[in-house]
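Given next are the chains, with one letter for each unit.
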Amino acid sequence: MTTFGITGWGTALPERTLTSAELGERFGVDEQWIVSRCGIRERRWVEDGQTTASLAVDAGRAAMDRAGLTGEDIAHLIVATATPEQPSPATSAFVHHELGISGSAHDVNAECSGFVYALIMATALMRIDPRPILIIGSDTHSLTTAPDDRDLGILVGDGAGAVVLTPGDGEWLLGWDMGADGSRTNSLKVLAGGSRMPTTPQTVEDGLHFATINGNEIYLNAVRLTIGTVRRTLASAGVDVSDVDVVIPHQANIRIINSIASHTGIVDEQVFTNLERYGNTASASIPIALSEALDAERVSAGDLVLLAGFGAGMTWASVLLRWGGAEVAA
Amino acid sequence: MIPTLEVLVEQMQAVSGAPSIDPDAPLVELSEIDSMDLMEWLFSFQSSHPDAGVDAAVFDNEDGSLTIRTVHERLERAVSADAVSER
C-alpha cells in the first residue's frame, strides 16, 4: 500500500487589506458590529492583475520550494476553486503552465470544502500513481461579490494555500468523510453565466453574476453538516475528539466555528483560526490556516490534525491526519 | 414537548448573551439578538426535536413585528399540526 506525506506548504495573500472599519464606513455599520457578527477584523482583496490563478501559482510555487520540488516533479495538479480564472478552460490549466508542471491538471469545485475534497481524492490517486501531487485552494470571492452586498462583503477574503503530497511509508490519513446535499443549491449561488442562465446583457444589468448568500440557511446547515462530518471522521478513525491535537476548521465565521466546537466537544485550545486577519477565503481557508499553523509550530510530528469544512452546494468534508504518519501494519 | 414561553426566553438569553429579553418586544428592536443567535437556538431545538418539523420559517419576519411570543405561538402551532398529521 502506498501512503503519502505532506512535505511542502505555502500561501499567497494579496497585500491590499480591507479593515472592518473601512467596510463599516462603506456599509453604514459600526466596525464592532462586523467583528461581533463574524470575528473578522480585516481581509485581503486582490488588486488589478491578481487573479485566482496568479494566487494559486504563488502558493503552489512556495509549497513546491518547501518540498524541494519543481514543476517537472509534479505528477498531478489539483486546484480547488469556486471562482475560476474564466469559465473555460480549467483554472488548473493556467496554473499548470505557469508552474511548468508536466503531469495532469484538474479543477475541483466544492466551494469551501474544495481543498479537503481535493486532498481526499489525491490520497486515493496516490495509491495508484505514487508520485508527487500538488493541491491548491485558491479563491477570489471579492470579485464575485456585489459592491453593495453587506452580508457577503464583510465576510469574503481572497487568497490561496497549497500543499505537496509525496509518496511515503507512514499512514497519514486515519479517517475521512465527504459528501453533498444537492437540494441546498440556493444557500450560496451565482445564478448567471452558466448553461442554466447564459450570460446576456440583461443578466449583467440585473447583477446576476454576483454571488448571493442565504445566511440563515448557511449557518444552520454549516453547523449541522460539519458536526456530522467531524463525528463520522473521528468514528472511522476510532479517535475521541479530546485526543485531537489541532483542529483546523474552514475559516467561515467565528460564530459558526464556535458553535461547531461546542456541539462536538472541541475546546478552544484545539482550534486554530486566522479568519480575524483574512476573512473567509473559501477553498483557500483551510490550506492557508494549515500552513500558518505549521509555520507557527502549532503542529508537531505525531500530532492528530483534523481538517473540516463545509461549502455551498452544500458540501462537507473532513480528514484526520497523523502528522508525520503512523506506522503501517505489515 | 416545546419549551414554555419563559423557558424559550431563557434559551434565547443563553444563545445571545442578552441579560434580559422582553417577549413582546419586536426582535428587530433587540440589538443583542441577531439572526445567527436565532439559528443557533433553532439548531439546538431541531437537534432535540428532530420530528417537530420546525425550520427557519418560524422566524419569518417580513413586517418586522416578530416577537419571542410570536415565535412561541408558531412553535405551538407547528408541533400541534405535526401531532394531528401523525394521527
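Residues numbered from 1 in each chain as written. Chains lettered and ligands numbered in written order. Predicted model: local features only at pLDDT ≥ 70, side-chain atom pairs only at ≥ 80, totals over all residues. Heavy atoms only, no water.

Here the focus is the packing of aromatic side chains. Within this structure, the stated rule accounts for four aromatic pairs over all chains. Arranged with centres 4.7 Å apart and planes meeting at 65°, the rings of W172 of chain A and W323 of chain A form a pair that is edge-to-face. Pair noted here: W172 of chain A is in strand β8 (residues 171-180) and W323 of chain A is in strand β13 (residues 315-326), with a separation of 151 residues, a long-range link. For the pair formed by W172 of chain A and W323 of chain A, the shared burial category is buried. With centroids separated by 6.0 Å and ring planes inclined at 80°, the aromatic side chains of W41 of chain B and F59 of chain B adopt a geometry described as edge-to-face. Of the two residues, W41 of chain B is situated in helix α2 (residues 35-48) and F59 of chain B in the loop between α2 and α3 (68-86); the sequence distance between them amounts to 18 residues. Each of the two residues, W41 of chain B as well as F59 of chain B, counts as buried. Ring pairs connect the aromatic residues F4, W172 and W323 of chain A, which therefore count as one cluster. (Phe/Tyr/Trp six-rings, centres within 6.5 Å; stacked < 30°, edge-to-face > 60°. Helix = DSSP H or I, 4+ residues; strand = E, 2+ residues; numbered from the N terminus. Buried < 20%, exposed > 50% of the residue type's maximum accessible area, 1.4 Å probe, protein only.)

Residue and element names in this part refer to chain A. Two elements, strand β4 (residues 76-80) and strand β5 (residues 104-108), share five bridges in a ladder whose sense is parallel. Residue pairing in the sheet places A80 in a bridge with V108 of β5. Taken together, β4, helix α4 (residues 91-99) and β5 form a β-α-β motif whose crossover is right-handed. (Pairing = 2+ DSSP bridges. Right-handed = clockwise from strand over helix to strand, strands pointing away.)

Turning our eyes to something else, we now look at the packing of helix α8 (residues 215-237) of chain A against α2 of chain B. In contact at an axis separation of 9 Å, α8 of chain A and α2 of chain B are set at 40° when each is read in the N-to-C sense. Considering their axes alone, α8 of chain A and α2 of chain B lie oblique with respect to each other. Relative to α2 of chain B, the crossing made by α8 of chain A is right-handed. From α8 of chain A, N216, Y219, L220, V223, R224 and I227 of chain A reach across to α2 of chain B, where they touch S35, M36, M39, E40, L42, F43 and Q46 of chain B. (Axes fitted to C-alpha atoms, helices over the stretch in contact; angles between N-to-C directions. Parallel < 35°, antiparallel > 145°, perpendicular 65-115°, else oblique. Left-handed = near helix turned anticlockwise from the far one by under 90°. Contact = heavy atoms within 4.5 Å.)

Taken together, the side chains of D55, D60, E62 and D63 of chain B define an acidic patch exposed on the protein surface. Of note, D55 of chain B is situated in the loop between α2 and α3. (Patch = residues over 30% accessible without salt bridge, like charges linked within 9 Å, V, L, I, M, F, W, Y side chains within 5 Å. Areas by Shrake-Rupley, 256 points an atom, 1.4 Å probe, with all protein chains shown as cover. Salt bridge = Lys/Arg side-chain N within 4 Å of Asp/Glu carboxyl O. Lys, Arg positive; Asp, Glu negative; His and termini not counted. Charge placed at Lys NZ, Arg CZ, Asp CG, Glu CD.)

Turning to the interface of chain B and chain A, a few remarks are in order. Taken together, the contact pairs 10 residues of chain B with 11 residues of chain A. Counting the surface chain B buries against chain A, the share from its top three residues, M36, M39 and F43 of chain B, is 59%. Our enumeration of links across chain B and chain A arrives at three salt bridges. Close ionic contact of D34 of chain B with R37 of chain A constitutes a salt bridge, the shortest N to O distance being 3.2 Å. Looking at side-chain class alone, the side of chain B that touches chain A contains four nonpolar, three polar and three charged residues. (Buried area = accessible area lost by both parts, 1.4 Å probe. Nonpolar A, V, L, I, M, F, W, Y, C, P; charged D, E, K, R; others polar.)

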